[in-house]
Amino acid sequence: MRILVCIKSIQNPEIAASVFRVDEARKEVIPLDGLPLVTSPFDEQAIEAALRIRDRGQECRISVISFGPASSKAAIKRALSMGADDAIQVMDTGLEQADSATTARVLAKVIQHAGPFDLILAGRQAADWDAGIVGCGIAELLHMPIVTFAYALEVTGARVVVERVLDDGTETVEAPMPCVVTISNELGEPRKATLKETMRAAKKPIEVATAESADVDSSKLRAEQEHMRARVGLYVPRKESKCDLISGATAEEIARQAISKLAASKLI
Amino acid sequence: MPTDSKKPAGVLVIGEMEDGAPSSLVLELLGLARRLLDGNGPASVLVLGQSGVTLTSALIAAGADRVYVAPGDARDVYASDVWLAALHGVLASVTPDLVLVGHTSLGAELAPRLAFRLGAAVATGCEALAWEDGHLMATRPCFGHKAREVIGLRTQPAIATVRARASDPLRLDASRVGDVVTISMDPPDTASTPCVTARARENRSDGIPLEKAKVVVAGGRGLGGPEGFSELARLAERIGGVVGASRVACDLGWCPRSWQIGLTGKTVTPSLYIAVGISGASHHMAGCGNSGAILAINSDPEAAIFKEARFGIVGDYKQILPVLVDQLARFKSQQPVTGGDAAVASR
């Protein structure tokens, strides 16, 4: 079977709020000097999900696809070093401002050309804009069923059994393939690249796709995006820190003070 | 119906149920719909598989002018598939300017799917909505809750998923009038769509969901292991609270994953949030930042949580918590007895 994992290269989402800055006029995040881009963590877990399917003995070819700037190649290399077999890097200077909907439209087109795939995996959302739109969009545009927020997958014949997270519990869902599954953080830690796999990765093929090669009219997509949706602001909410630090010589003294302060504020 | 291009003409709310009654989020969405409509109409709500005058009058009292009832049953069928089928039935006859969906595990999937099916624009996880110059302006957290973006949606309809507690429900008004419309729908084809084979609901022994708790005691990586949660449970029991956790603690398997509070977990708004061994990463604050007050206990004086907390204790929770639990017991025994429902937030 063929599995495709959609990955996005993003600025490190773990950077502290104290050094996080945005350019309000350009409505963009200001990158930190010298800090390399990372693979969106949910997407890394999607790669892990694909590799676990293979670990259980399913014969499969695992491909990754990434749409973004040329620098996305590092994320692709990391995916290949984790164990993916090949990759498609989608780049187009005419689509640098693509939003989630446009990204889904471009990816769907490229996937149509590169496929067919039995299973398309993606992170539940990209850890930069946190929108969770692209996976759903690919499924709708390719007329495939989708299961979101998965934390475990098992392929049985032509179906995939997915355990997914709900607000008040979990559910087990069986879906016919081909289908799209988005992966949530509950899946667990992705594996690290091994030296052996990293050496092999250097020889794994990375195909480059453009809007043109995928029959995408980038100026038309751009115009349609502008017509539908526009980011009109980006800011960091201001917060005033006024923490009342409770200190004391002993734990008893600290606890006594804490209780009296909470009681004074009618919190207990 | 009055028309005014500065206000939306028609808002459709997705009526997710909770134990057979409208969820608190649906009531908030109806309140939000009415405020955005600002006298325009109608505010309608779609419910699935359930009807009955108790339910429909509750929705009308909460602000709905019209309740669409679809016969579907989402128990065995994959939820967003059956909702999409029902929406297809409603949208064949009405054209709202805005579709409001709760940002739940259902809504977060349903809204983007609906958007692509209709060719409409969508904004997910919004915390504020406004109608300006005939368009929806949606404010939503991004970059792990560190930033907010404002997006203008220019399609008809515009679709937005809205977070819990982003908006207040209306005061219930039993004298409001509205109509009930039963719609027909083609149930999704189970051969080509996912089907649900098992569903496990989380049942907490104390019965109070995290989202409704008045006091939440949450633990993170700083607990050092699953044992820490039993200490948190003792504290929670003492002050009528519910135990929650950060994503790291859940991912490490120290507690059930349904305890997770944050960007990809639950959003809680207790009057008191006690964060133990939680560093205070933005994605965690996304789930608890609107608490009445935060008491942070952390051994790292530089932890970001102290920038968010109203009260802070720098120190080892293993030394502080047992003493705090003991002293709380003594404190409580000196207090007059209050009603038994103190643990449930009143809103």
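These numbers were taken from a predicted model, which means no experiment stands behind them.

(A) View of the overall build of chain B. Regarding its fold elements, chain B presents nine helices and 18 strands. For a compact globule of 347 residues, the expected C-alpha radius of gyration is about 20 Å, and chain B comes in at 22 Å, within 12% of that figure. Principal-axis analysis of the C-alpha atoms places the extent of chain B at approximately 65 × 45 × 40 Å. Out of the 347 residues belonging to chain B, those deemed buried represent 58%. Across chain B, every contact between residues at least 6 apart in sequence was considered, and the portion connecting residues at least 24 apart equals 66%.

(B) Structural detail: the interface of chain A and chain B. Contact with chain A, which involves 78 residues of that partner, is made by 77 residues of chain B. Between chain A and chain B the total buried area reaches about 6,600 Å² when both faces are included, carbon and sulfur atoms providing 59% of it. Per-residue buried area on chain A facing chain B is highest for E140(A), D167(A) and M228(A); these three make up 10% of the total on that side. Counting across the interface, chain A meets chain B through six salt bridges. Between R201(B) and D168(A) there is a salt bridge, with its nearest N and O atoms 2.9 Å apart. Where chain A touches chain B, the interface holds 39 residue pairs in polar contact (both at pLDDT 80 or more). By residue number, the principal contributor to the side of chain A that touches chain B is helix α7 (residues 251–264) of chain A, which donates 10 residues. Here strand β11 (residues 169–176) of chain A pairs with strand β13 (residues 195–201) of chain B via six bridges, running antiparallel.

(C) How the structure looks around the packing of aromatic side chains. For the structure on display, the rule yields three aromatic pairs over all chains. Geometrically, the ring pair formed by F20(A) and F143(B) is tilted, given 5.6 Å between the ring centres and 45 degrees between the ring planes. With F20(A) in the loop between β2 (9–10) and β3 (22–23) and F143(B) in the loop between β9 (135–142) and β10 (147–153), this residue pair bridges two chains. According to the relative accessible area criterion, F143(B) is buried, its value standing at 10%. Here the aromatic rings of W129(A) and F143(B) are separated by 4.7 Å at their centres, their planes lie at 75 degrees, and the arrangement is edge-to-face. Residue W129(A) is found in the loop between β8 (119–123) and α4 (134–141), and its partner F143(B) is found in the loop between β9 and β10; the two belong to separate chains. F143(B) matches W129(A) in its accessibility class, with the two residues each being buried. Within the aromatic cluster, the residues linked to one another by ring pairs are F20(A), W129(A) and F143(B).

(D) How the structure looks around helix α3 (residues 79–91) of chain B. Taking 1.5 Å of rise per residue, 13 residues should cover 18 Å, and α3(B) covers 18 Å from first to last C-alpha, within 8% of that figure. Counting buried positions over the 13 residues of α3(B) gives 11, a clear majority of the element. Those residues of α3(B) lying buried are A79(B), S80(B), D81(B), V82(B), W83(B), L84(B), A85(B), A86(B), L87(B), V90(B) and L91(B). Those residues of α3(B) hidden inside the fold are in contact with α4 of chain A together with β1 (11–14), β4 (43–48), β5 (66–70) and α4 (107–118) of chain B.

(E) How the structure looks around the sheet that holds strand β14 (residues 229–235) of chain A. Across the sheet, four strands lie side by side as β14(A)-β10(B)-β9(B)-β8(B); this open sheet has antiparallel pairing. Each having just a single partner strand, β14 of chain A together with β8 (128–132) of chain B make up the two edges of the open sheet. The average undirected angle you get between the axes of adjacent strands in this sheet is 25 degrees. Of the strand pairs in this sheet, β14(A) and β10(B) are connected by six bridges, and their pairing is antiparallel. Looking across to β10(B), one finds that G233(A) is bridged to V150(B). Its contacts with the sheet place helix α6 (residues 218–228) of chain A against β14 of chain A together with β10 of chain B, and it is angled at close to 65 degrees to β14(A).

(F) Layout of the sheet that holds strand β9 (residues 146–156) of chain A. In spatial order, the strands read β13(A)-β7(A)-β6(A)-β1(A)-β8(A)-β12(A)-β9(A)-β10(A)-β11(A)-β13(B); together these 10 strands make up an open sheet with mixed pairing. The two strands at the open ends of the sheet, each matched to only one other strand, are β13 (206–209) of chain A together with β13 of chain B. Across the sheet, the axes of successive neighbouring strands diverge by a mean angle of 25 degrees, strand direction being ignored. Those strands touched by helix α1 (residues 41–55) of chain A are β1 (2–6), β6 (61–67), β8, β9 and β12 (179–183) of chain A, and its axis lies near 145 degrees from that of β8(A). Here helix α3 (residues 100–114) of chain A sits on the sheet and contacts β1, β6, β7 (86–90), β8 and β13 of chain A; the angle it forms with β6(A), its principal contact strand, is near 145 degrees.

(G) Structural context of helix α2 (residues 53–61) of chain B. The complete set of buried residues in α2(B) reads L55(B), T56(B), L59(B), I60(B) and A61(B). Turning to α2(B), the residues buried within the fold contact β2 (17–18), β3 (21–22), α1 (24–37), β4, β5 and β12 (179–182) of chain B.

(H) Up close: the side chain of E186(A). Of note, E186(A) is situated in the loop between β12 and α5 (195–201). Once residues lying within four places of it in the same chain are set aside, the contact partners of E186(A) are Y151(A), V165(A), D251(B), R257(B), Q260(B) and T264(B).

(I) Seen up close, the packing of α3(B) against α4(B). All names here are of chain B. In contact at an axis separation of 10 Å, α3 and α4 are set at 45 degrees when each is read in the N-to-C sense. Taken together, the axes of α3 and α4 lie oblique to each other. As α3 packs across α4, the resulting crossing turns out to be right-handed. The residues of α4 that touch α3, namely those facing S80, D81, W83, L84, L87 and L91, are E109, L110, R113, L114, R117 and L118. The class makeup of the residues in the contact of α3 with α4 is seven nonpolar, one polar and four charged.

Parameters and conventions
- Residues numbered from 1 in each chain as written.
- Chains lettered and ligands numbered in written order.
- Predicted model: local features only at pLDDT ≥ 70, side-chain atom pairs only at ≥ 80, totals over all residues.
- Heavy atoms only, no water.
- Helix = DSSP H or I, 4+ residues; strand = E, 2+ residues; numbered from the N terminus.
- Rg over C-alpha atoms; globule rule 2.2 N^0.38 Å.
- Buried < 20%, exposed > 50% of the residue type's maximum accessible area, 1.4 Å probe, protein only.
- Contact = heavy atoms within 4.5 Å.
- Buried area = accessible area lost by both parts, 1.4 Å probe.
- Salt bridge = Lys/Arg side-chain N within 4 Å of Asp/Glu carboxyl O.
- Polar contact = N/O pair within 3.5 Å; in protein donor to acceptor, adjacent residues only side chain to side chain.
- Pairing = 2+ DSSP bridges.
- Phe/Tyr/Trp six-rings, centres within 6.5 Å; stacked < 30°, edge-to-face > 60°.
- Expected span 1.5 Å × (residues − 1).
- Axes fitted to C-alpha atoms, helices over the stretch in contact; angles between N-to-C directions.
- Parallel < 35°, antiparallel > 145°, perpendicular 65-115°, else oblique.
- Left-handed = near helix turned anticlockwise from the far one by under 90°.
- Nonpolar A, V, L, I, M, F, W, Y, C, P; charged D, E, K, R; others polar.

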